[in-house]
Amino acid sequence: MLTVLEHPLLATHLTALRDRATSPAAFRGHLDAMGRLMAYPVLAGLAVRPVWVETPLAPARGAVLADEPVLVPILRAGLGLLDAFCAAAPGASVSHLGLYRDVVAGQPVAYFENFPPAWATRPVVVLDPMLATGGSLAAALAKLDQWGARNVVVAAVLAAPAGIQRIEREYPAARVFVAAVDDRLNERDFIVPGLGDAGDRQYGTP
Ligand code: PRP
């Protein structure tokens, strides 16, 4: 299920990300700001259990998370959303997943993964600013399925219709949050108009 988040600040930060004149440092700042805005709706489905606390005046009913989330940033670009989600959910654990798109084969290649089996029962949040063909996200969701994770949400920033359609076809239960859906992919599978390569732009890679 796709949710397109609408917020004036998401729109203005995304505009800065799109601007080719935005420096890597500024790009990281705007992406972090979008992550902070997106974290709240993306994490809104976390289950809580009731607790009692003593205020200075009286007992009060409260809540704690039933399970702390596991954040899965897809390297490299997903790192740009990680601090924001860690700030929103300070008890979260982090499972890095290294994937890159092989430009010749057009397929995602996994080069790092670290998901302890004990984390499979916890809610998982996949972080990746770009959903282009959907190949990387499909690979990530396949791995999470294989690792036994059953409660998975995805925070992306920008998506293309082709990627959304692929994920809806292959993973109809996946809950995906984005800030915008662009027109199309170009012949190199880049989102158009898009913002370029989110990893390269964060890190100044030529
Ligand atoms: C980009 C992006 C996504 C993926 C999206 O990563 O961050 O992970 O491509 O494309 P897809 O939907 O067609 O799979 P990239 O492979 O460029 O690696 P990087 O994050 O290290 O730059």
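This report concerns the structure included in the present document. Everything numeric in this text was worked out from a predicted model, so none of it was measured.

1. Considering the site of the ligand
With respect to spatial proximity, 15 residues lie near the ligand, and among them Arg 76, Arg 101, Asp 128, Thr 133 and Ser 136 are the closest. Take Asp 128: an N or O atom from its side chain is 2.5 Å from an oxygen atom of the ligand. The protein chains hide 92% of the 500 Å² of surface that the ligand would expose on its own. Those elements that provide at least two residues to the shell around the ligand are strand E6 (97-101), strand E9 (130-131) and helix H4 (135-147). Residues belonging to the shell around the ligand are distributed by class as follows: six nonpolar, five polar and four charged.

2. So, the packing of aromatic side chains
Per the counting criterion, the structure on display carries three aromatic pairs. Ring geometry for Phe 115 versus Trp 119: centroids 6.3 Å apart, planes at 80°, classification edge-to-face. The class of Phe 115 is buried, set by a relative accessible area of 10%. Seen from their ring centres, Phe 115 and Trp 147 are 5.2 Å apart, and the 15° between their planes marks the pair as stacked. Of this pair, Phe 115 sits in the loop between strand E7 (108-113) and strand E8 (124-127) while Trp 147 sits in helix H4, and the two are 32 residues apart along the sequence. On the basis of relative accessible area, Trp 147 is assigned to the buried category, the value being 19%. Ring pairs connect the aromatic residues Phe 115, Trp 119 and Trp 147, which therefore count as one cluster. Just above the ring of Phe 190 sits the side chain of Arg 101; from NZ or CZ to the centre is 5.6 Å.

3. Looking at the nonpolar core
Counting residues in each nonpolar core, the largest one holds 34 residues, and the members touching the most others are Leu 17, Val 42, Phe 85, Val 125, Leu 127, Val 157 and Leu 195. If near-sequence neighbours (up to four positions away) are discounted, Val 125 is found in contact with Val 42, Leu 43, Pro 69, Val 70, Leu 71, Val 72, Phe 85 and Val 153. Counting residues in hydrophobic clusters, the runner-up holds 27 residues, among them Val 70, Leu 137, Ala 156 and Ile 167.

4. What about the environment of Asp 183?
Along the polypeptide, Asp 183 turns up in the loop between strand E13 (180-181) and strand E14 (184-185). Note: C-alpha distance between Asp 183 and Pro 193 (10 residues apart in sequence) is 7.1 Å. If we skip the residues at most four places from it in the chain, Asp 183 touches Pro 161, Val 192 and Pro 193.

Calculation rules
Residues numbered from 1 in each chain as written. Predicted model: local features only at pLDDT ≥ 70, side-chain atom pairs only at ≥ 80, totals over all residues. Heavy atoms only, no water. Near = heavy atom within 4 Å. Polar contact = N/O pair within 3.5 Å; in protein donor to acceptor, adjacent residues only side chain to side chain. Areas by Shrake-Rupley, 256 points an atom, 1.4 Å probe, with all protein chains shown as cover. Helix = DSSP H or I, 4+ residues; strand = E, 2+ residues; numbered from the N terminus. Nonpolar A, V, L, I, M, F, W, Y, C, P; charged D, E, K, R; others polar. Phe/Tyr/Trp six-rings, centres within 6.5 Å; stacked < 30°, edge-to-face > 60°. Buried < 20%, exposed > 50% of the residue type's maximum accessible area, 1.4 Å probe, protein only. Lys NZ or Arg CZ within 6 Å of the ring centre and 35° of its normal. Core = buried A, V, L, I, M, F, W, Y, C linked by side-chain atoms within 4.5 Å. Contact = heavy atoms within 4.5 Å.

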